[in-house]
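# Summary of structural features
Now for the letters of each chain:
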Amino acid sequence: MGRVLQTLREEENSDVLIDTVLSYLRSDFDYDLIWIGLYDRLEHRLYGKGGVTPSGELGILKQRFILNPGDILEQVVIQQRPLAIPDLREELRAGEWRKVAQSLNIQGTVIFPIRHKDRCYGVTLLGTPHWGVSPKTDEKARLSMILGGLGAALYQIEVEWQRQQTKRPDQPLLALLTTLRSLPGLGARLEAIVEETHQFIQPARTSVYWFERERRYFWRRVGNRKKATGFGEASQPASGITVQEVSGFYQALVSDQIVSIGEAHSSLKADITSRLMQQIRARSLLAAPILFQNELLGFLAVEGNEPRIWEEEEKNYVRGVAQIIALIAPLDEMEQSIDQIRSDQVLTAEIARSIYNDDDWKATLKLSADQLCKRLRAERFLVLFYDKDQARFEICYQSQPNNRRHLTAPLEALNDTDHKLLEKSTEAIGIENLDGDLRLLAWRNRLLELGVRALLVCNTAIGRSLEGLVVLCHETPRTWSRTERELVRVVSQQIGLILHQWQLQKQNEQQQKIMQTIQWGLTMIQQTHQLEVLERAALQQISQVLQVPLVALITWSPGRGAGRISPPIITNDRFAINLDMVIPVNTDPLIGWTLASDGLLPLAIDDIPADTRQWLCGVGIGQVLSMALRTAPEHEPTGIVLVADVADRRWSERYLSAFGTLVSQLAWSRRYINLTHNLTVQQEELERLNWYKHRRLEELYRSLSTSLQRLNQLDNPKDPLFVTRQQQALKQLNDCVGTLPQLVEQEFWRLRTFPQTISLITLLKRALERVDALIKQRQLWSQVHNESNLTVSGDIVKIELVLYELLLIACERSQPGNRIDIWCRQIDNRWLELSITDNGEVDPRLIQELEAGQIIDLLAPSPLDQPPGLHLLICQSLMKQIGGEFDLYKLEDERILSRLVLPLANTNRPAVTKPQ
């Protein structure tokens, strides 16, 4: 053993090392089957290096074995721990070795990893014809020493090989810097750089591509002098690459990322990689961006005609050379830049003189638009003013060619991210392609309809809150240089002076208009004597002054518990109130909070309880302002006025003051009209009552007088008619008295659960039958790992649908040739775990939001908005409802695990069994 260990320490040939170990294992251990396989990390497989078999057959020992998920060999390689198998012939996870064991009658088997420093280099398989045989303690110790020594020797061989293969980029870089000092002009320097790079990396082609900003494409400026062999187009280098076709490649370069495309690897998405390689006519690529002051000038590319694994040293060299080009390139353009700066200074000076010397600000803006559009070759110039009260951008000035459409309506407010971006940016913001840029998303559709594809936008008050914007638009995608952005920034600050003065003038005009409107409204309210007309006029005035889409009035009589809604003023269909509801004044939260508030009460719609939102039901309502109708402290409130607007509406002090004034005047006018009306009604009621009683008393007096007169006219009581006449008179009296008391007193849709049971085998069979066609169509491998036939309980119809949906999604995300496994495990006597594993790709956000059970950011686009994420969310909620669980995980070995937990049938009580 000592000689073997010494050989392992001194020998550098891997074949000799393995032969030495095999000889030792044959001579010192009693195993009929001995096999050593080395691990190929790139291919994830074991390839045999030899061994011993009982029959003397050595062909199987030289084969290559692919490691599949769940195999015992993969388990040993990944876990790097020995594994004992009682009977290799019966081991389902043994793969091809199970067949070998059956043919050679091998039972007890031990598999040892060959490892060093947490890295597995292979495995050793030892088998005997006896069941359950495992190494003794001293054998394990010797095996551990021998195989550990073999792992250490293989590690040293790999380290030495990597050291020999490592390239040193520092030496050619230093030589290149020395060469560049003596070369005149950018062209000669680029040629030297390309030749040196080509010699160091030795690709098929080496090129420098330059970026054309306005037309947004890369053109091949310099290439290595060696001509491509052949005359076909495929063998020639690409003359140009358009950004539109490979936008992902362009974005990576702008972000200062090196792009590496080689054998079985790409730093770009698959579709971008395919289009890029078609355009560049290569099968492997290493590209480094040439960036100067965050501005993309081009990229350095080394291209291969065959797939290639790029080394880290090659990537570092290419990045270093690209940075050298970025440093020397500006020297060639310095004179042109100086001339352009002088021209821009003249332009800004001319605009500045116009601002201070011309009272007509529109003429100044026209001059700015003409000069900037000419300088930047833009088609459209906009000056926007941000209206905080309306949360939108008003169009102060716009200029475009005569055959282009105007912007006819204000631009809506931007989201918080874009708003903060414009406020905090210290320069003009350039958007190169509006189609693929997520900034200014709220304006995208409006601008695209006008034909805008690229734009420059700058805050007119950099360093302060947003007052206005200057926007330059271009009708084709293009890149904006730093000089162009700086020019727009300077002009924007000058225009900001005009915009600020215009804003002050507009605020003054608005204040005067509000005061005039209030004065007119108060006069009209004071001259109105009908309650409905008064309320309607007051609501119209409030709507006009505050410019809101909804104004409503809820009123009640003092001491009454029911409130009524007067016909509201609504200018937007998304704002509505349920007029049919009777509002409980004493219990409604909004009314209670308004009455308890001393003045105006602002509320967001999310803070308003459901009781109030039954009648305040408009889907567009984002916030409300309410105020009680109060007159004096000793008077009871008789109603509230409510205005509603979108969530981002901001209320200035002048609007709030006007609202308070109008509501207070409405309260006093309503009180005056109500008091006048009540007094008038009381007077009319008393007049009617007096007249009624007077006439009734007159009738009573007449009737009594007539009856008494008849009684006095009665003759002799013995007269036969006496009794009859007496009775008539008494009856008439009774009728008169009988009227005196009147004169003096006076199933919504919901899911239901139907418990049933089904055998696990039947459940799996049905689910697999549903996806069988898809599995065959996509050429997938499927296997069920189940050793028992349990009985599943629950809503079987819904469980079947969930299981089918999970299998369907797993098939759709799996690549042809992949495998799908179904694992069944009984957790306890109540629950069954049913898991599906596949090798597909899943968005990490989908797993994150599915774990939370809801969309995290509702604004954002979510993978749960549409299938398959939407379907998985439905499955999760449905499983919760019927008493189970569903979760989605990504395992350490990159497989996707869909896990179901299902209830098992209770055998102690009868259940309805679903038909088989």
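Scroll up to find the structure.
First, a word on scope: everything that follows refers to the structure included in this document.

Before going further, it helps to spend a moment on the overall build of the protein chain. A tally of helices and strands in the protein chain yields 24 helices and 33 strands. Per-residue burial over the protein chain gives 46% buried out of 916 residues. Accessible area of the protein chain: about 49700 Å², with a carbon and sulfur share of 50%.

Here we come to the pattern of salt bridges. Applying the stated criterion across every chain yields a total of 38 salt bridges. The shortest N-O distance in the salt bridge between Arg670 and Glu535 comes to 3.0 Å. Linking Arg670 in helix 18 (residues 653–712) with Glu535 in helix 15 (residues 531–546), this pair joins segments that are 135 residues apart in sequence. Residue classification places Arg670 among the buried positions, given a relative accessible area of 4%. A salt bridge links Asp887 to Arg899; the shortest N-O distance between them is 3.8 Å.

This paragraph deals with the sheet that holds strand 33 (residues 896–903). Read across the open sheet, the five strands follow the order 28-30-31-33-32; overall the sheet is mixed. In the strand order of this sheet, the two ends are held by strand 28 (781–785) and strand 32 (885–890), each with one partner. Strand-to-strand, the axes of this sheet are offset by a mean angle of 15°, without reference to chain direction. Pairing of strand 31 (residues 831–838) with strand 33, which is carried by eight bridges, proceeds in the antiparallel orientation. Following the sheet pairing, Leu834 is matched in strand 33 by Leu900. The sheet strands contacting helix 24 (residues 869–881) are strand 32 and strand 33, and the helix crosses strand 32 at an angle near 140°.

Turning to the nonpolar core, a few remarks are in order. Counting 44 residues, the largest nonpolar core has Leu803, Leu834, Phe886 and Leu888 as its most contacted members. Put simply, the parts of the chain that give this core at least two residues each are helix 21 (760–777), helix 22 (796–813), strand 30 (819–826), strand 31, helix 23 (844–852), helix 24, strand 32 and strand 33. Excluding residues that lie within four positions of it along the chain, Leu834 makes contacts with Leu760, Leu764, Leu803, Ile822, Trp823, Cys824, Ser898, Arg899, Leu900 and Leu902.

Below, the discussion takes up the packing of helix 1 (residues 2–10) against helix 2 (residues 14–28). Relative orientation of the contacting elements helix 1 and helix 2 amounts to 165°, with a least axis distance of 10 Å. Considering their axes alone, helix 1 and helix 2 lie roughly antiparallel with respect to each other. Considering the relative orientation of helix 1 and helix 2, their crossing is left-handed. Counting all contacts with helix 1, which are made through Val4, Thr7 and Leu8, the residues of helix 2 involved are Leu17, Thr20, Val21 and Tyr24.

Take the sheet that holds strand 16 (residues 411–412) next. Strand order in the open sheet formed by six strands is 16-15-14-19-18-17, and the pairing between neighbours is antiparallel. The open sheet has two edge strands, strand 16 and strand 17 (429–431), and neither has a second partner. Across three bridges, the pairing between strand 17 and strand 18 (residues 454–459) is antiparallel. Considered in strand 18, the bridge of Gly430 is made with Leu456. Its contacts with the sheet place helix 12 (residues 416–424) against strand 14 (380–387), strand 17, strand 18 and strand 19 (468–474), and it is angled at close to 65° to strand 18.

This next bit is on the environment of Val254. Examined against the element boundaries, Val254 turns out to sit in helix 8 (residues 247–254). Here the alpha-carbon distance between Val254 and Gly298, two residues 44 residues apart in the chain, equals 9.6 Å. If sequence neighbours within four positions are ignored, Val254 has contacts with Leu291 and Leu296.

A separate point is helix 3 (residues 72–79). Looking only at helix 3, the buried set comprises Ile72, Leu73, Glu74, Val76 and Val77. Of the residues flanking the end of helix 3, it is Gln80, one or two places downstream, whose phi is positive at about 60°.

With that settled, the discussion passes to the environment of Arg142. Among the structural elements, Arg142 can be located in helix 5 (residues 137–165). Look past the residues within four positions of Arg142 in its chain and what remains in contact with it is Met1, Tyr24, Asp28 and Phe29.

Since one α-helical turn is 3.6 residues long, residues separated by three or four positions face the same way. What helix 9 (residues 270–280) keeps buried is the set Ile272, Thr273, Leu276, Met277, Gln279 and Ile280. Buried residues of helix 9 fall within an arc of 160° about the axis and therefore sit on the same side. More than 90 degrees from the buried face of helix 9, the exposed residues found are Ala270 and Gln278. Just past helix 9, the residue Arg281 takes up positive phi, approximately 60°.

This part takes up the environment of Leu466. For Leu466, the location among the structural elements is in the loop between strand 18 and strand 19. Each C-alpha atom of the pair Leu466 and Phe385 lies 8.9 Å from the other, and the pair is 81 residues apart in sequence.

Inspection of the entire model under this criterion finds 16 aromatic pairs. Measuring from centroid to centroid gives 5.9 Å for Tyr24 and Phe29, while their planes differ by 75°, and the two rings are edge-to-face. For Tyr24, a relative accessible area of 5% translates into the label buried. Residue class for Phe29 comes out buried when judged on its relative accessible area of 5%. Taking 4.9 Å as the distance between ring centres and 15° as the angle between the ring planes, the aromatic pair formed by Tyr209 and Phe299 counts as stacked. Note that Tyr209 is positioned in strand 7 (residues 205–212) and Phe299 in strand 13 (residues 295–304), a separation of 90 residues in sequence. A residue is classified by how much of its surface remains accessible, and Tyr209, at 0% relative accessible area, is buried. Taking the relative accessible area as the measure of exposure, Phe299 reaches 0% and is therefore buried.

Okay, unusual backbone geometry next. In this structure, Pro868 follows Pro867 across a cis peptide bond, with omega equal to 0°. Along the chain, Pro868 turns up in the loop between helix 23 and helix 24. Of note in this structure, Asn105 is not a glycine but carries a positive phi near 60°. Among the structural elements, Asn105 can be located in the loop between helix 4 (96–104) and strand 5 (109–116). One non-glycine residue, Glu894, lies in the positive phi region at around 75°. Its location among the elements puts Glu894 in the loop between strand 32 and strand 33.

Another point: the pairing of strand 33. The element strand 33 is largely enclosed, with a buried count of eight among its eight residues. Residues Ile896, Ser898, Leu900 and Leu902 line one face of strand 33 and the alternating positions Leu897, Arg899, Val901 and Pro903 line the opposite face, and both faces are buried. Here six bridges tie strand 32 to strand 33, and the two strands are oriented antiparallel to one another. Note on strand 33: the bridge partner recorded for Asp887 is Arg899. In sequence, strand 32 turns back onto strand 33 through a hairpin of five residues, with Glu894 there showing a positive phi of about 75°.

What counts, and where the lines are drawn
All residue numbers refer to positions counted from 1 along the written sequence of the respective chain. Per-residue local features of the predicted model are confined to residues with pLDDT of at least 70, and side-chain atom pairs are confined, for both listing and counting, to 80 or more; whole-chain, interface and lining totals are unaffected and use all residues. Side-chain numbers come from the whole structure's heavy atoms, not from hydrogens or water. Each helix is a run of DSSP H or I of at least 4 residues and each strand a run of E of at least 2, with the numbering of both proceeding from the N terminus. Whether a residue is buried, partly exposed or exposed follows from its accessible area with a 1.4 Å probe, protein chains only, as a fraction of its type maximum: under 20%, in between, or over 50%, in that order. Note that accessible areas follow from Shrake-Rupley with a 1.4 Å probe, and for residues the cover is restricted to the protein chains shown. Any carboxyl oxygen of Asp or Glu that lies within 4 Å of a side-chain nitrogen of Lys or Arg is treated as forming a salt bridge with it. For two strands to count as paired, DSSP must find a minimum of two bridges between them. Here an angle of 0 to 180 degrees is reported between the N-to-C directions of two axes, which are lines fitted to C-alpha atoms, with helices fitted over the stretch in contact. Contact criterion: two residues are considered in contact whenever any of their non-hydrogen atoms come within 4.5 Å of each other. Buried Ala, Val, Leu, Ile, Met, Phe, Trp, Tyr and Cys residues that are joined via side-chain atoms within 4.5 Å together make up what is termed a nonpolar core. Note on terminology: angles under 35 degrees are roughly parallel, angles over 145 are roughly antiparallel, angles of 65 to 115 are roughly perpendicular, and the others are oblique. Crossing handedness is read from the near helix: turned anticlockwise from the far helix by less than a right angle, it gives a left-handed crossing, and turned clockwise, a right-handed one. Directions from the helix axis toward the C-beta atoms define the arc. What counts as a ring pair is set by centres within 6.5 Å for rings of Phe, Tyr and Trp (its six-membered ring), and what kind of pair is set by the plane angle: stacked under 30 degrees, edge-to-face over 60, tilted for all other angles.

That's the geometry; what it means functionally is another story.
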